[in-house]
Amino acid sequence: MTGPPGRRPAVTWLVGTLMVLTGCSGQGNAENHNAEAAAVAFASSAKSSPGTACDLLAPHTRKELESTDGPCERSLPGQAASGGAAVRGVQVYGKDAIVHLSTDTVFLARFRTGWRVTAAACTPQGDRPYDCKIKGN
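This section reports on the structure supplied with the text. (Residues numbered from 1 in each chain as written. Predicted model: local features only at pLDDT ≥ 70, side-chain atom pairs only at ≥ 80, totals over all residues. Heavy atoms only, no water.)

1. Brief notes about the overall build of the protein
- The helix and strand tally for the protein stands at four helices and five strands.
- The buried share of the protein, reckoned over its 137 residues, is 31%. (Helix = DSSP H or I, 4+ residues; strand = E, 2+ residues; numbered from the N terminus. Buried < 20%, exposed > 50% of the residue type's maximum accessible area, 1.4 Å probe, protein only.)

2. Considering unusual backbone geometry
- Not every positive phi belongs to a glycine, and Ala121 is a case in point at roughly 55 degrees.
- With respect to the helices and strands, the residue Ala121 is situated in strand β4 (residues 114-125).

3. Here's the deal with the side chain of Thr118
- Its place among the elements puts Thr118 in strand β4.
- Here Thr118 is in contact with Ala58, His60, Thr61, Phe107, Leu108, Ala109, Ile134, Lys135 and Gly136, once residues within four sequence places are set aside. (Contact = heavy atoms within 4.5 Å.)

4. Re the sheet that holds strand β5 (residues 128-135)
- Pairing is antiparallel across the open sheet formed by five strands, whose spatial order is β1-β2-β3-β4-β5. The sheet is open, and its two borders are formed by β1 (87-93) and β5, each paired with just one other strand. Neighbouring strand axes in the sheet, compared pairwise and without regard to direction, differ in orientation by 30 degrees on average.
- The pairing of strand β3 (residues 105-111) with β4 spans six bridges and is antiparallel. (Pairing = 2+ DSSP bridges. Axes fitted to C-alpha atoms, helices over the stretch in contact; angles between N-to-C directions.)

5. What about the nonpolar core?
- Within the largest apolar cluster, 24 residues are counted, with the highest numbers of intra-cluster contacts made by Phe42, Leu57, Leu76, Val106, Leu108, Val117 and Ile134.
- Of all the secondary-structure elements, those providing two or more residues to this core are α1 (7-45), α2 (50-55), α4 (72-79), β2 (96-101), β3 and β4.
- By residue number, the principal contributor to this core is α1, which donates five residues.
- Ignoring anything within four residues of it in the chain, the contact list for Leu108 reads Ala35, Ala38, Ala39, Lys95, Asp96, Ala97, Val99, Trp115, Arg116, Val117 and Thr118. (Core = buried A, V, L, I, M, F, W, Y, C linked by side-chain atoms within 4.5 Å.)

6. Here we look at the state of the cysteines
- All chains considered together, the criterion is met by two disulfides.
- One disulfide in the model links Cys54 with Cys72; its S-S distance is 2.0 Å. Looking down the S-S bond of the Cys54 and Cys72 bridge, the torsion is -100 degrees, so its handedness is left-handed. Here Cys54, found in helix α2, pairs with Cys72, found in helix α4; they are 18 residues apart in sequence, far enough to count as distant.
- Look at Cys54 and you get buried, because its relative accessible area is 1%.
- Between the sulfur atoms of Cys122 and its disulfide partner Cys132 the distance amounts to 2.0 Å. The chirality of the disulfide connecting Cys122 with Cys132 is right-handed, given an S-S dihedral of about 115 degrees. Taken together, the residues Cys122 in strand β4 and Cys132 in strand β5 connect sequence positions ten residues apart.
- Look at Cys122 and you get buried, because its relative accessible area is 4%.
- If the cysteines joined by disulfides in the protein are listed in sequence order, their pairing comes out as 1-2, 3-4. (Disulfide = S-S within 2.5 Å.)

Here you go:
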């Protein structure tokens, strides 16, 4: 490379920074897709195939649901949001994610076994935290 001596470090820094950002965005996109897929699978099966949806709940969320409302497969359909599962947005923050669907907001956490729902049937409360029918302690 030719040019003024001071430009080489700046160009090297810019190329290095772009490589790091490109690598991170690729991983973020994959995690966005994985979190989105888990949220859509949960929302799509909560009423029609509750056993499948129950398997997508985080352990503490399932335990809380069952301790207050009975067996998951029986209680989940009455608690879950109704309607389709069109995705409106996905935000991943490390091992946590929020997926905004057309009829629900779903919170997830990444476990060794994949993304699991930590809260669902959530509605925004302005500046206050979401109000969720399905949640763990």
